[in-house]
Amino acid sequence: MGLVESGKIPKPLTKLLNMSRRYSMWVYQWGLACCAIEMGAAFASPRYDVMRLGVIPLPASPRQADFLVVSGTVTDKMAPAVRRLWEQMPDPKYVISMGSCANCGGPYWDSYSVTKGVDQVIPVDVYVPGCPPRPEALLEGIVLLQERIMNEDMAERWKGDPIVVE
Amino acid sequence: MATTESDQMAYIAAQAADARVNVEVETDEGMTLNLGPQHPATHGTLRIVAKLDGEKVLAAEPIMGYMHRGYEKLTEVRTYPQVTTLVNRIDWLGSFANEVPFILAAEQLMEVEAPPRAQWIRTVLFELSRIANISLFLGDMAVQVGATTPVFYAFRDREFVLNQIERVTGGRFHPNFDRIGGLKDDLPKGWIEETGAVLGKMRDFCDEMEELVLGNEIFQARTRGIGVIPPDVALSYGLSGANLRASGIDWDIRRDANVGLVYDEVDWKVWTHPDGDSFSRFWVRLQETREAINILEQLLGGIPSGPIMAKVPRIIKVPAGEAYVATENPLGEMGFYVVSQGDLTPFRVKIRSASFSNMSITPWLLKGVFVPDIISILASLYFILGDIDR
Amino acid sequence: MAEIPEHLLKRAQAAREKAEAEAKSSTGDSTKPEETAVTETTETDEEVILTDEKAEAALATLQQELEGKILDSHIATGRGLWIRVGIQDWRPAAKAAKEALDCKFFDWLSAIDWMPSPYGREHETEQDLINDDPEENDDKEMEWGYTGGETRFQLICRVYSISKKIGVMIKADLPDNDPRALSLIPIYAGANWHEREAREMFGLTFDEHPDLRNIYLPGDFEGHPLRKDYPLLSRRMKPWPGIVDVELLPGDEE
């Protein structure tokens, strides 16, 4: 939209757009380890029901996704794939890092094959602590992300350089 | 809607990247199809590279290591009580079952034995982990052959079991509850009755799964006669657990080589199936879940009273020696080979995980099947990536 | 409750009966393997010496089959049998176990590095010691476990006999200068991945193995992580945060 790129959006319009973005998010689940099951419980189980937050799980591809949940241990062998998948997502994109392993390496802090935190590979918006975090904790993280989106200045966000895959 | 240059560039680059990921090489022998490392049909991050001739798989090879976390090295720099925290996370669907063989191996070396009450509660939690683990398989297997509903039921009913585990141990997933010489705590008040009610629900869940999935024509067409493993091949690849029993071998560590758990006290049955195909693996697991409920119902009625902790020193030094203890985990035989040299940390721990051996048969098994069968065969072998890669 | 299809039940039952019948017939043939595993033989006032007849019988069978190639053996009562052979007898020993003892079940294969860790592995170590003085390293002597050993690396493999219910650990010393052994794939197909794992973790070589690529680590990974002299770099940077294992409880202060 030309209005957004011009950098001048009236406040009420920003609010309207942000609200509509906030409650229509596709989440791409990058289930890696134990946390993937808790994420599955949050996304696929009727008990936690993530859709009431306006979040739609299980898109067909990262191309459709608005935010990514990295849940579980990222290893050095996996890190390039995480990066590539993140690059495939369209802007604006957000990342939730779920669980101690994705946050900082967790119990594998001294392992020879584990990346000590997914934020070494991709930028992270919300960290959800826990080993693994309960599904409720992930929902809390999603709510925090939604608040962040709500307060975002879209024009500011769009000013960034385009993401180019080499 | 106007498209900016950056959008276009990003789109083109993304298309190129996608092409690289999906179809890597085309050779004279046929097409190479790459599944994974992130693929919705794998339990975690497994990658399968398959060479195809049309729909037929000429050769398929799993590529692992995307989840390799170096457990065996890390155990050498952790004290014995700290190791259970790590090994919890190997098979993350039935965590408590991972702790037990390690603790039993350490107990063997220290020559201590847990009091009877601790052994019973261990067995109870062990079987609860089995239900928590296999119930998800039952739902997931159906997803892999195209039915989405069962997995929602599985997630729904699994919560009841997880809640019971949480009430005892404080953790839904990784209890870290087992100690050398006993358990951390006793059962909370009223737990036994509540668990009895949960078992009733899980029995209904098994019936529901059977009704939904087992008799389904599509399910049968996708699994009957697919991925047949003959018994001698299964043995030489070291398959264990339900995969071995589905090939007609009547072998269960709980009955035949039981160490430290109280399966001798209850009346139960080992289920086998002669076919060795994907269907029989599903069937055996379904029956095993029922049998686990059966075992639990008997165990809950007879937990002896007494202490839950034997006398062990506060700082645990394990005498020198070697011990190998294996238990019948939800995924198959899980064993710990612990070498101690009298230190606070183990000298070497070899983890024999079930899925690693179960998966090592896939290059043999996937040869000559059709592409859609890759998914159903892998699903029926039932692996967990943490258990393969460790 | 849905019914289990009738034919399935029948087939399962038939298979079970067949397996039971086979188990019975095989026990009849061999010499008393179904006796209780642990029997008390000698009983004095104070001590009870336990022997493991099943393991002894298995050891006797293997000794007969391997004709003095077993360098050492160990029986842990009720816990199984360990034997050690020379590296040239690695494959024959596995073959003997499979054929004479009916150990058809391939359990696992791995290796042990018996060198004491140069970084210290004591609980109290605030930071892993960096010991560059080679002489001090030489002070620590290698201590081998059951059945002893001669060299730094030892291969170990466990096979199991489902009919006789006995597991055998086979160990073999690897030469220090060139750690290589014959692959067990012709005998146990499942050894393939286990040998690949042992190769990348310890830097061993298996002859006649078709495909000795890395199984876990990326292709450009340097070093062999399970060797004792492989450093965990994170531990060099930062003291181990889990030193306080037993925290004092309130009122527990000295």
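Residues numbered from 1 in each chain as written. Chains lettered and ligands numbered in written order. Predicted model: local features only at pLDDT ≥ 70, side-chain atom pairs only at ≥ 80, totals over all residues. Heavy atoms only, no water.

Enquirer: So what exactly am I meant to see when it comes to the overall build of chain A here?
Expert: A count of helices and strands for chain A gives 7 helices and 5 strands. Traced from its N-terminal end to its C-terminal end, chain A shows the element sequence α-α-β-α-β-β-α-β-α-β-α-α. A separation of at least 24 residues holds for 78% of the contacts in chain A among residues at least 6 apart in sequence. (Helix = DSSP H or I, 4+ residues; strand = E, 2+ residues; numbered from the N terminus. Contact = heavy atoms within 4.5 Å.)

Enquirer: What is the right way to read the overall build of chain C from this model?
Expert: From N to C terminus, chain C includes 6 helices and 9 strands. Per-residue burial for chain C yields a buried fraction of 44% across its 254 residues. Across chain C, contacts joining residues at least 24 apart in sequence account for 62% of those joining residues at least 6 apart. (Buried < 20%, exposed > 50% of the residue type's maximum accessible area, 1.4 Å probe, protein only.)

Enquirer: How should the sheet that holds strand 7 (residues 321-329) of chain B be read in this particular structure?
Expert: Sheet strands pair via backbone hydrogen bonds, and the direction of the pair is either parallel or antiparallel. Residue and element names in this part refer to chain B. Within the open sheet, the 3 strands sit side by side as 7-8-9. Their pairing is antiparallel. The open sheet has two edge strands, strand 7 and strand 9 (348-352), and neither has a second partner. Within this sheet the neighbouring strands show an average axis-to-axis angle of 10°, counted without direction. Here 9 bridges tie strand 7 to strand 8 (residues 332-340), and the two strands are oriented antiparallel to one another. Residue pairing for strand 8: Tyr324 is matched across the bridge by Tyr337. (Pairing = 2+ DSSP bridges. Axes fitted to C-alpha atoms, helices over the stretch in contact; angles between N-to-C directions.)

Enquirer: Any chance you could explain helix 2 (residues 53-66) of chain C here in plain terms?
Expert: Three- or four-residue spacings in an α-helix give side chains the same orientation, since the helix completes a turn every 3.6 residues. All names here are of chain C. In a regular helix each residue adds 1.5 Å, so 14 residues correspond to 20 Å; helix 2 covers 20 Å between its end C-alpha atoms and thus fits that length. When helix 2 is considered as a whole, its buried residues turn out to be Lys54, Ala55, Ala58, Leu59, Leu62 and Leu66. All buried residues of helix 2 fall inside an arc of 130° around its axis, so they share one side. (Expected span 1.5 Å × (residues − 1). Arc of directions from axis to C-beta.)

Enquirer: I tried to follow the packing of helix 6 (residues 149-169) of chain B against helix 7 (residues 191-214) of chain B on my own but got confused; where do I start?
Expert: Residue and element names in this part refer to chain B. Close contact between helix 6 and helix 7 brings their axes to 10 Å; oriented N to C, the two are set at 165°. Here helix 6 is positioned roughly antiparallel relative to helix 7, judged by the angle of their axes. In this structure, the crossing between helix 6 and helix 7 has a hand that is left-handed. Facing helix 6, whose interface residues are Pro150, Tyr153, Ala154, Arg156, Asp157, Phe160, Val161, Gln164, Arg167 and Val168, helix 7 presents Trp191, Glu194, Thr195, Val198, Lys201, Met202, Phe205, Glu208, Met209, Leu212 and Val213. (Parallel < 35°, antiparallel > 145°, perpendicular 65-115°, else oblique. Left-handed = near helix turned anticlockwise from the far one by under 90°.)

Enquirer: Would you mind going over the sheet that holds strand 5 (residues 126-128) of chain A with me for this structure?
Expert: Residues and elements named next belong to chain A. Reading across from one edge, 2-1-3-4-5 is the order of the 5 strands in this open sheet, with parallel pairing throughout. Two strands bound the open sheet, and with one partner strand each, they are strand 2 (55-56) and strand 5. With 3 bridges connecting them, strand 4 (residues 94-98) and strand 5 associate as parallel partners. Each bridged residue has a counterpart across the sheet, and for Ile96 the counterpart in strand 5 is Val126. Lying on the sheet, helix 4 (residues 79-88) is in contact with strand 1 (25-31), strand 3 (67-71) and strand 4; it crosses strand 1 at an angle near 170°.

Enquirer: Please clarify how the pairing of strand 9 of chain B should be interpreted in this entry.
Expert: Here is the key point about a regular strand: its side chains alternate between the two faces of the sheet. Residues and elements named next belong to chain B. Across the 5 residues that make up strand 9, a large majority, 5, are buried. Side-chain alternation along strand 9 places Arg348, Lys350 and Arg352 on one buried face and Val349 and Ile351 on a second face that is also buried. Sheet topology note: the strand 8/strand 9 ladder contains 5 bridges and is antiparallel. Looking at strand 9, one finds that Phe336 is bridged to Ile351.

Enquirer: Please clarify how the packing of aromatic side chains should be interpreted in this entry.
Expert: Aromatic ring pairs are reported here in terms of the distance separating the ring centres and the angle at which the planes meet. Per the counting criterion, the structure on display carries 22 aromatic pairs over all chains. Pairing Phe102 of chain B with Phe336 of chain B gives two aromatic rings, centres 5.6 Å apart and planes at 70°, and the pair type is edge-to-face. Of this pair, Phe102 of chain B sits in helix 4 (residues 95-110) while Phe336 of chain B sits in strand 8; the two residues are 234 residues apart in sequence, bridging distant segments of the chain. Residue classification places Phe336 of chain B among the buried positions, given a relative accessible area of 0%. Through pairs of rings, three or more aromatic residues link up here, namely Phe137, Phe219, Phe279, Phe282 and Tyr382 of chain B. The ring of Tyr66 of chain B is capped by Lys77 of chain A, whose NZ or CZ atom sits 5.1 Å from the centre of that ring. Positioned over the ring face of Phe279 of chain B is Arg224 of chain B, at 4.0 Å from the centre of the ring. (Phe/Tyr/Trp six-rings, centres within 6.5 Å; stacked < 30°, edge-to-face > 60°. Lys NZ or Arg CZ within 6 Å of the ring centre and 35° of its normal.)

Enquirer: Explanation requested: the nonpolar core in the structure shown.
Expert: Note that soluble globular proteins tend to have their nonpolar side chains buried in a common cluster. In this structure, Leu68 and Val70 of chain A are the most contacted members of the largest nonpolar core, which totals 223 residues. Among the elements that take part in this core, helix 5 (residues 116-144) of chain B stands out by supplying 15 residues, more than any other. Excluding anything up to four places from it in sequence, Leu68 of chain A contacts Tyr28, Trp30, Leu85, Trp86, Met89, Tyr94, Val95, Ile96 and Ile122 of chain A. Counting 22 residues, the second-largest nonpolar core is a separate cluster that includes Ala42, Phe67, Val69 and Ile149 of chain A. (Core = buried A, V, L, I, M, F, W, Y, C linked by side-chain atoms within 4.5 Å.)

Enquirer: Would you mind going over the confidence of the model for chain C with me for this structure?
Expert: Residues and elements named next belong to chain C. Considering every residue of chain C, the mean pLDDT works out to 73; 65% of them sit at 70 or more. Counted against residues more than four places away or in other chains, residues 27-47, with its pLDDT under 50, gives 26 contacts. The low-confidence segment residues 130-135, where pLDDT is below 50, has 4 contacts with residues more than four positions distant or belonging to other chains. For this predicted complex, the interface confidence reaches an ipTM of 0.82, while the overall pTM sits at 0.81. (pLDDT = per-residue confidence, 0-100.)

Enquirer: Could you clarify how one ought to interpret the environment of Ala60 of chain B in this entry?
Expert: All names here are of chain B. Tracing the backbone through its elements, the reader meets Ala60 in strand 4 (residues 56-63). Taking the C-alpha atoms as reference points, Ala60 and Ile374, separated by 314 residues in sequence, lie 9.1 Å from one another. When sequence neighbours within four positions are dropped, the list of residues in contact with Ala60 reads Ile48, Val49, Ala50, Pro363 and Leu366.

Enquirer: How should the interface of chain C and chain B be read in this particular structure?
Expert: Of the residues lining the interface, 68 residues belong to chain C; the matching set on chain B comes to 69 residues. Taken together, both faces of the contact between chain C and chain B bury some 5,900 Å²; the carbon and sulfur share is 56%. Along the contact surface separating chain C from chain B lie 8 salt bridges. A salt bridge links Glu197 of chain C to Lys350 of chain B; the shortest N-O distance between them is 3.7 Å. When contributions to the side of chain C that touches chain B are tallied by element, the ones reaching two or more residues are helix 1 (6-29), strand 5 (105-113), strand 6 (153-161), strand 7 (166-173) and helix 5 (191-202) of chain C. (Buried area = accessible area lost by both parts, 1.4 Å probe. Salt bridge = Lys/Arg side-chain N within 4 Å of Asp/Glu carboxyl O.)

Enquirer: Is there a simple way to think about the environment of Thr123 of chain B in this case?
Expert: Residue and element names in this part refer to chain B. The residue Thr123 is located in helix 5 in this model. Separated by 166 residues in the primary sequence, Thr123 and Thr289 place their C-alpha atoms 15 Å from one another. Residues contacting Thr123, with those up to four places away along its chain left out, are Leu261, Val262, Tyr263 and Leu299. Of note is the side chain of Thr123, whose polar atom sits 2.6 Å from the backbone oxygen of Gln119. (Polar contact = N/O pair within 3.5 Å; in protein donor to acceptor, adjacent residues only side chain to side chain.)

Enquirer: Teacher, can you tell me more about the packing of helix 5 of chain B against helix 15 (residues 371-381) of chain B here?
Expert: Residue and element names in this part refer to chain B. Axis separation between helix 5 and helix 15 bottoms out at 9 Å; the angle between their running directions is 175°. When the interaxial angle is binned, helix 5 and helix 15 end up roughly antiparallel. On the side of helix 5, the interface is formed by Phe137, Met141 and Gln144, while helix 15 contributes Ile375, Ser376, Ala379 and Ser380. Of the residues belonging to the contact of helix 5 with helix 15, the class tally is 4 nonpolar, 3 polar and no charged. (Nonpolar A, V, L, I, M, F, W, Y, C, P; charged D, E, K, R; others polar.)

Enquirer: Where do I start with the side chain of Ser240 of chain B in this structure?
Expert: As for its placement among the helices and strands, Ser240 of chain B is situated in the loop between helix 9 (231-236) and helix 10 (242-245). A distance of 2.9 Å separates a polar side-chain atom of Ser240 of chain B from the backbone nitrogen of Glu333 of chain B. The contact partners of Ser240 of chain B, leaving out residues within four places of it in the chain, are Leu331, Gly332, Glu333, Arg352, Ala354 and Asn358 of chain B together with Phe105 of chain C.

Enquirer: Teacher, can you tell me more about the state of the cysteines here?
Expert: In protein structure, a disulfide is the covalent linkage between the sulfur atoms of two cysteines. Residue and element names in this part refer to chain A. Under the counting rule described, the total for this entry stands at 0 disulfides over all chains. Left unpaired, Cys34 is separated from the closest cysteine sulfur, that of Cys35, by 6.0 Å. Overall, Cys35 belongs to the buried group, its relative accessible area being 7%. (Disulfide = S-S within 2.5 Å.)

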